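Chain and residue survey
Spelled out from the first residue to the last, the chains are:
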Amino acid sequence: HAIIARMTEDCLDMEALKKAGEILAGGGLVAFPTETVYGLGGNALDPEASRRIYAAKGRPSDNPLIVHIADWDSLTPIVSRIPEKAKKLADAYWPGPLTMIFEKSELVPYETTGGLETVAVRLPANKVAVEMIRQAGGYVAAPSANTSGRPSPTLASHVEEDLGDRIDMIIDGGQVNIGLESTIVDFTEEIPVILRPGFLNKEMLEEVLGEVRIDPGIMAENTHIRPKAPGMRYKHYAPKADLAIVEGAPAAVFSKIRELVREGIAKEQRVGVICTEESRSEYPEGIVRCIGSRADDRTIARHLYEILRDFDADGVDAIYSESFETPRMGQAIMNRLIKAAGHEVIRAGSEDI
Ligand code: TXA
Ligand code: MG
């Protein structure tokens, strides 16, 4: 079973971080906290370590990994060119929840990039992550630390549940702050393209870069529009229960969800509801979980994956969720929720009131 080391960003356990560095340098695997989600780390420059990461997650090996670095100067050796716009974006948002795609240098093995000529790079802000990367020699490949197809881990206990007996060490840094994976921006085309929405939304990127496009594949239900990020093509984040999103005017949504819960219970099903602080009192029946507050949509992002895992643990048959098209993080939240629901969206219309 994995060694578990607990620490906080304010009080780093340097001995444990040195140990993690040694494990990584020796080709082993260490899960660690970042501000987005927990990562499953291996030495990014060691093809064998990347193979181990794929095996531990049960992930297809054509789905490339993100290389995590601890400082800006570490970028140069692993890319062949740094576009001016990427430098500007890094100045604004690194360290932070931003991953950028570059043309790779020869230093990065194809095992890490899933056979691609490009490499995804991220400089995280979490101090535990940064110090661990330093101790490991500067380059840590890390996908989210979940079994392929399960929600990404936002707590160390999620990592333990999925990977505890397959990896060498887990660094427990408590609950992550953001809860959704980093925003991925591709700089290999003239106009930068968002391949995965995250905490940094389109408007925040445009403030720095001017025109930014969104990869049309990321929200498409239609499978012939292929997302450019290979990982966005796979079925993801799927809870065991059937999840459906109910959309419409608030009053119509509340009454539609109440009706669906009642129908499920009549069929002797266990039915879950995902609501917000503001709507909790609308749901007298079912297993009701409050995801956060619409007044601060970062609380919704932070709890989404945890709630999906908790419903799995409850063994519910069906889950109905409100929709969270909020202004700040709505794009990222709905991207994950719609995938988790397999595009099952119910329109609550006036006829239901
Ligand atoms: O917040 C995050 O980004 C977390 C933490 C641990 O840093 N990591 C993460 O990694 O979410 P992962 O492997 O679960 O997702 C990486 C995504 C995948 O969709 C993958 O296909 C895409 O990045 N990706 C990686 N390299 C790429 C490349 N060269 N071109 C296009 N997409 C790439
Ligand atoms: Mg992932």
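Along each chain, residues carry numbers from 1 onward, in the same order as the chain's sequence is written. All chains are assigned letters beginning with A, and all ligands numbers beginning with 1, in the order in which they are written. Reporting in this predicted model follows two pLDDT cut-offs: at least 70 for local features of residues, and 80 or more for side-chain atom pairs to be given and counted; totals over whole chains, interfaces and linings ignore these cut-offs and use all residues. The basis for every side-chain value is the complete set of heavy atoms in the structure, and neither hydrogens nor water enter the calculation.

This part takes up helix H7 (residues 202-209). Those residues of H7 not exposed but buried are Met204, Leu205, Val208 and Leu209. Along the axis of H7, the buried residues cluster in a sector spanning 120°; they form a single face. We call two residues in contact when some of their heavy atoms are within 4.5 Å. Helix and strand assignments come from DSSP, with helices taken as H or I runs of at least 4 residues and strands as E runs of at least 2, each series counted from the N terminus. Residues of H7 that are buried in the fold lie against helix H3 (84-93), strand S9 (183-186) and strand S10 (193-196). The cut-offs for exposure are 20% and 50% of the maximum accessible area for each residue type, with area from a 1.4 Å probe on protein chains only; residues under the lower value are buried, those over the upper are exposed, and the others partly exposed. The reported arc concerns the directions from the helix axis to the C-beta atoms and nothing else.

To be near a molecule or strand, a residue needs just one of its heavy atoms within 4 Å of it. Looking at ligand 1, there are 27 residues lining it, with Thr36, His68, Arg122, Ser182 and Gly231 nearest. One nitrogen or oxygen atom from the side chain of Arg196 is found 2.9 Å from an oxygen atom belonging to ligand 1. Elements supplying a minimum of two residues to the shell around ligand 1: strand S4 (66-68), strand S6 (118-122) and S10. In terms of residue count, the dominant contributor to the shell around ligand 1 is S6 (four residues). Following the grouping adopted for this structure description, the nonpolar residues are Ala, Val, Leu, Ile, Met, Phe, Trp, Tyr, Cys and Pro, the charged ones are Asp, Glu, Lys and Arg, and the polar ones are all others, Gly among them. For the shell around ligand 1, the per-class residue count stands at 15 nonpolar, eight polar and four charged. We define a polar contact as two N or O atoms separated by no more than 3.5 Å, with the added condition that, inside protein, one atom must be a possible hydrogen donor and the other a possible acceptor, whereas residues neighbouring each other in sequence contribute only through side-chain atom pairs.

A cis amide bond links Trp94 with the next residue in sequence, Pro95, at an omega value of -5°. The backbone of Glu268 shows a phi angle near 60°, a positive value even though the residue is not glycine. Mapped onto the elements of the fold, Glu268 is located in the loop between helix H8 (250-266) and strand S13 (271-275). Of note, the phi angle at His343 is positive, near 65°, even though the residue is not glycine.

This part is about the environment of Lys104. Take Lys104: it is sitting in the loop between strand S5 (98-103) and helix H4 (110-113). For Lys104, a relative accessible area of 11% gives the class buried. Remark: the alpha-carbon pair of Lys104 and Pro77, spanning 27 residues in sequence, is separated by 9.0 Å. Setting aside anything within four residues of it in sequence, one finds Lys104 in contact with Ile78, Val79, Ser80, Tyr110, Thr113, Leu116, Glu117, Thr118 and Val119. A distance of 2.7 Å separates a polar atom in the side chain of Lys104 from the backbone oxygen of Val108.

With that out of the way, let us pick up the side chain of Glu322. As for its placement among the helices and strands, Glu322 is situated in strand S15 (residues 318-322). Not counting residues within four places of it along the chain, the set of residues in contact with Glu322 comprises Ile245, Val246, Val253, Phe254, Ile257, Ile274, Cys275, Thr276, Ser279, Tyr283, Arg294 and Leu337.

Before going further, it helps to examine the sheet that holds strand S16 (residues 345-347). Judged by pairing direction, the sheet is parallel, and its five strands sit side by side in the order S14-S13-S15-S12-S16 without closing on themselves. The open sheet is flanked by strand S14 (287-290) and S16, the only strands paired with a single partner. Within this sheet the neighbouring strands show an average axis-to-axis angle of 25°, counted without direction. Each of strand S12 (242-247), S13, S15 and S16 touches H8; the most contacted strand, S15, lies at about 175° to it. Here the axes come from fitting lines to C-alpha atoms, over the contacting stretch only for helices, and the angles between their N-to-C directions go from 0 to 180 degrees. Together, S12, S13, S14 and S15 form the strand contacts of helix H9 (residues 297-314), whose direction differs from that of S14 by roughly 160°. At least two bridges found by DSSP between two strands is the condition for calling them paired.

A word on the UniProt feature "binding site: ATP" (unreviewed entry) in the chain. UniProt positions are given in the numbering used here, feature names are shortened, and annotations may be inferred rather than shown by experiment. According to UniProt, the "binding site: ATP" (unreviewed entry) feature falls on Arg59, Asn63, Thr118, Ala142, Ser144, Ser152, Arg196 and Tyr237. For the residues just named, distributed over 179 residues, the greatest C-alpha separation reaches 25.3 Å, placing them at more than one site. Sequence-distant contacts of Arg59, that is, excluding residues within four places in its chain, are made with Tyr54, Pro64, Leu65, Pro143 and Ser148. Of note, Asn63 is situated in the loop between helix H2 (47-57) and S4. Reaching out from Asn63, the side chain makes a polar contact with the side chain of Arg59 at a distance of 3.1 Å.

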